[in-house]
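A closer look at the structure
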Amino acid sequence: KPGEVDLGPIGANLTRAKEKLREMREPEPEPTRPTPPVAQPSQPAPALPQIDSGLRQRAGAAINAATQKVRAAQERRADGTQQYSQAMSMLTEATTKNASVRSNDDLNAIISLAQTAGSLADLAMPPSAPSPAIATPSPVTPSPIVPKPAAAASSVLEDYSGQLRLALENYFAGEFETATREFEALSKKMPDNAWIWAFLGASQYSQYAFEADESYRRAAEQSFQRAKQLRSWKEGLPSKYFSRRIRHAFGAG
């Protein structure tokens, strides 16, 4: 029956009750979850240059060999000479560069510096001792070591020996630009001498190794080719005058 408040016909009340039951049974909507951000693909790190482990070992061995030669120059009291000072400067530069190597070109430059430092240390000779006032029997001493520029000058040619010796001294001292000019002048005076062209090519290739200028490399290849035309180098360039890198460039040219 109608209660205190007339809510209308019973059919309408049943419909209203069913709707409320339906609302009570329906689950509450789940809260909206935030969409996780889409991970952006990371940019690949730039590839570091590959450093040849064998070349690194060669650089260390070259520095050790140069260090021993510098110590030998100290022991024979040649540490006051210009050659010793230049050797120490180049050895220090090679050691410093070896601590922060970034590429194989750096290692090749270090090897060249160390080998030149060793050659300069070999050239460093103590000053001659003054003659005593009273002649005394002199002890028997071994034959003096002939510096490389003097030995090379004798091997090349007796003519123009003064100019040739100066060019060789600049070459072994690492003054490759000056040595190139001097060997070019000698090549015009002695165009048929294979040794002159070989040392000219070595000086030009050493400039290429330090300055990375392709014109020096092409000039070195032409000089090496001329040296091969004038002489048969059965065993290549001698190792006592030319570094391994120079000998390799000569053989590949």
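The structure we're discussing is the one just above.
Below, the structure is looked at part by part.

**What about the overall build of the chain?**
Counting its secondary structure elements, the chain contains 10 helices and 0 strands. N-terminal to C-terminal, the α/β element order of the chain is α-α-α-α-α-α-α-α-α-α. For the chain, the exposed surface amounts to about 17,200 Å²; the carbon and sulfur share of it is 53%.

**Some points on helix 2 (residues 53–75)**
Here helix 2 contains 23 residues, and its C-alpha end-to-end distance of 33 Å stays within 8% of the 33 Å for a straight helix at 1.5 Å per residue. Along helix 2, the residues classified as buried are Leu55, Ala59, Ala62, Ile63, Ala66, Val70 and Ala73. On its buried face, helix 2 sits against helix 3 (82–98) and helix 4 (104–123). With a side-chain oxygen positioned 3.0 Å from the backbone nitrogen of glycine 54, the residue opening helix 2 is aspartate 52.

**Quick word on the nonpolar core**
If you look at the biggest cluster of nonpolar residues, it comprises 55 residues, and the most contacted ones within it are Tyr171, Phe183, Phe199, Trp233, Phe242 and Ile246. Sort the elements by how many residues they give to this core and helix 8 (residues 194–211) lands first, with 10 residues. Discounting chain neighbours no more than four positions away, the residues touching tryptophan 233 are Ala194, Trp195, Ala198, Ala227, Lys228 and Phe250.

**Considerations on helix 3**
For helix 3, spanning 17 residues, the distance from its first C-alpha to its last is 24 Å, which sits close to the expected 24 Å at 1.5 Å a residue. Within helix 3, burial applies to Tyr84, Ala87, Met90, Leu91 and Ala94. For helix 3, the angular spread of buried residues about the axis comes to 135 degrees, placing them on one side. Those residues of helix 3 that are exposed and angled more than 90 degrees off the buried face are Gln82 and Thr96.

**Quick word on the side chain of asparagine 108**
Relative to the helices and strands, asparagine 108 is located in helix 4. Under the relative-accessibility criterion, asparagine 108 is labelled buried at 17%. In contact with asparagine 108, other than residues within four places in its own chain, are Leu55 and Arg245.

Criteria and thresholds
- Residues numbered from 1 in each chain as written.
- Predicted model: local features only at pLDDT ≥ 70, side-chain atom pairs only at ≥ 80, totals over all residues.
- Heavy atoms only, no water.
- Helix = DSSP H or I, 4+ residues; strand = E, 2+ residues; numbered from the N terminus.
- Areas by Shrake-Rupley, 256 points an atom, 1.4 Å probe, with all protein chains shown as cover.
- Expected span 1.5 Å × (residues − 1).
- Buried < 20%, exposed > 50% of the residue type's maximum accessible area, 1.4 Å probe, protein only.
- Contact = heavy atoms within 4.5 Å.
- Polar contact = N/O pair within 3.5 Å; in protein donor to acceptor, adjacent residues only side chain to side chain.
- Core = buried A, V, L, I, M, F, W, Y, C linked by side-chain atoms within 4.5 Å.
- Arc of directions from axis to C-beta.

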